[in-house]
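# Structure assessment
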Amino acid sequence: MGDLITVIIPVFRVEAYLRRCVDSVLAQTYENMEIILVDDGSDDSCPAICDEYAGQDSRVSVIHQKNAGLSGARNAGIEQAKGEYLSFVDSDDYLSPEFLERLYAACVETGSDMSVCRWEYVKGGAIPEKGKGKTHIFTGREMLANLYIPDGAYFVVAWNKLYKRELFDTIRYPLGRIHEDEATTYRIYHQVRQAAYVDKSLYGYFVAPSSITRGFNPRRLDWVKAGAERVDFFEENGYKELMVPALKALADGSIDIYFGMKDKLPGSEKEQKWIQDLIRRGLKRVKSYGHFSLRTEIGYRMFLTCPGVYRRLLDRVKDENGKQ
């Protein structure tokens, strides 16, 4: 039969999509599972839909709680989970029928602590079949390095993965913050002896029409905070080879957020200065571990002295790349 897998689904204001999500989990070819629906204080029909599913299938249970955000909902599910393995599914997304079976087999057959698959953007249709289907093995250290490869998004997010329950013995998602996976996944990899990557699209990340163009959210500063914490963590735990890519990723993302704040968040001068200081310190800090490319370093220094000029040059590069 295999080990029990707990699937945790945080639920908040997704009445239009919840049934599709839960149905895709119930349709899994791997049947030894429990599904925990965490109603995070949703004020629509979601609580009733959750209770309906619990009444229809003994594998489904429901937690009703006051709104605690995505982190709080996931943490509540972790506390109640009985499975030897955990998986998270966002309640507007959906799964390929073999999602759990393939990820569980990858863990068992390779002796891995967790497994990861590809995901694809979807709009309600079938999940596009991409990838060669092969399973690749990585150490925890290599998984940390994978955060900075071109396909790094596969390795950052919480929900396209299967984890041994013990990986969460001392880890929870940070309350009150968005980009909670940016603040958590690397800490999990630090504990991992070995992980398996299944090169096949098994998870559908739903893109709602209203989310195609999103305005700037000032809470994106949580991304900067998570990135800065990750750099400190790498330094404290001896991941010297990751310091240069981590500092570069932090600087690049922070600059994007800096301009979003400058354009759309009046009164954020203190936060803008914090970002500039972070990049200034990064230019000094990187010297202990290597160096940025000359072009990158010149760009960062131009951003610090003449952010307007830097932005015009950056926009020109983006335009030229878009025309290619």
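## Considerations on helix H3 (residues 69-80)
- In this model H3 runs 17 Å from its N-terminal to its C-terminal C-alpha over twelve residues, within 8% of the 16 Å that 1.5 Å per residue would give.
- Among the structural elements, strand S1 (5-11), strand S2 (33-40), strand S3 (60-65) and strand S4 (85-88) are those in contact with the buried residues of H3.

## A few points about the layout of surface pockets
- Considered as a void within the structure, the second largest pocket measures approximately 380 Å³ in volume.
- In terms of lining, the second largest pocket is formed by 14 residues, of which the most central are Arg295, Gly299, Tyr310, Leu314 and Val317.
- At the level of secondary structure, the elements contributing two or more residues to the lining of the second largest pocket comprise helix H9 (243-264), helix H11 (294-305) and helix H12 (307-323).
- When grouped by side-chain class, the residues that make up the lining of the second largest pocket number seven nonpolar, three polar and four charged.

## Things to note about the pattern of salt bridges
- Taken as a whole, this structure holds 24 salt bridges when the rule is applied.
- Across the pair Arg74 and Glu180 runs a salt bridge whose closest N-O atoms are separated by 3.1 Å. You can see Arg74 sitting in helix H3 and its partner Glu180 sitting in the loop between strand S8 (161-164) and helix H7 (185-191), a full 106 residues away along the chain.
- Classification of Arg74 by relative accessible area gives buried; the value is 0%.
- Each member of the salt-bridge network shares a partner with another, and the members are Arg118, Glu120, Lys130 and Asp199.

## Notes on the pairing of S2
- Of all eight residues that make up S2, eight are buried, and the element is covered over most of its length.
- Neither face of S2 is open: one carries Met33, Ile35, Leu37 and Asp39, the other Glu34, Ile36, Val38 and Asp40, and all of them are buried.
- Pairing of S1 with S2, which is carried by seven bridges, proceeds in the parallel orientation. Bridge pairing in S2 places Pro10 opposite Val38.
- With respect to chirality, the unit in which S1 leads through helix H1 (residues 18-26) into the neighbouring parallel S2 is right-handed.
- As judged from the six bridges shared by S2 and S3, these two strands associate in the parallel manner.

Rules and cut-offs
Residue indices follow the written sequence of each chain, beginning from 1 at its first position. It should be noted that, the model being predicted, local features are given only for residues of pLDDT at least 70 and side-chain atom pairs only at 80 or more, the latter also being counted only at that level, while totals for whole chains, interfaces and linings use all residues. Excluding hydrogens and water, the side-chain values take into account all heavy atoms of the structure. Segments assigned H or I by DSSP are reported as helices when at least four residues long, segments assigned E as strands when at least two residues long, and all are numbered from the N terminus. Here the expected length of a helix is defined as 1.5 Å per residue gap, with one fewer gap than residues. Any two residues whose heavy atoms approach within 4.5 Å at even a single point are treated as in contact. Using a 1 Å grid laid over the protein atoms alone, points where a 1.4 Å probe fits but cannot get out form a cavity; open sets with protein on both sides within 12 Å along at least 5 of 7 lines form a pocket; any residue with an atom within 4 Å of a point counts as lining. Grid points are joined across faces, edges and corners, and a volume is the space filled by probe spheres set on the points. When residues are sorted by character, Ala, Val, Leu, Ile, Met, Phe, Trp, Tyr, Cys and Pro go into the nonpolar class, Asp, Glu, Lys and Arg into the charged class, and all the rest, Gly among them, into the polar class. A pair is scored as a salt bridge if a Lys or Arg side-chain nitrogen falls within 4 Å of a carboxyl oxygen belonging to Asp or Glu. Only protein chains enter the calculation, and the probe is 1.4 Å; a residue is then buried if its accessible area is under 20% of its type maximum, exposed if over 50%, and partly exposed in between. If DSSP finds at least two bridges between two strands, the strands pair. The crossover handedness rule: strands pointing away from the viewer, path from first strand over the helix to second strand clockwise, crossover right-handed.

Functional significance is not addressed by these values, which are geometric in nature.
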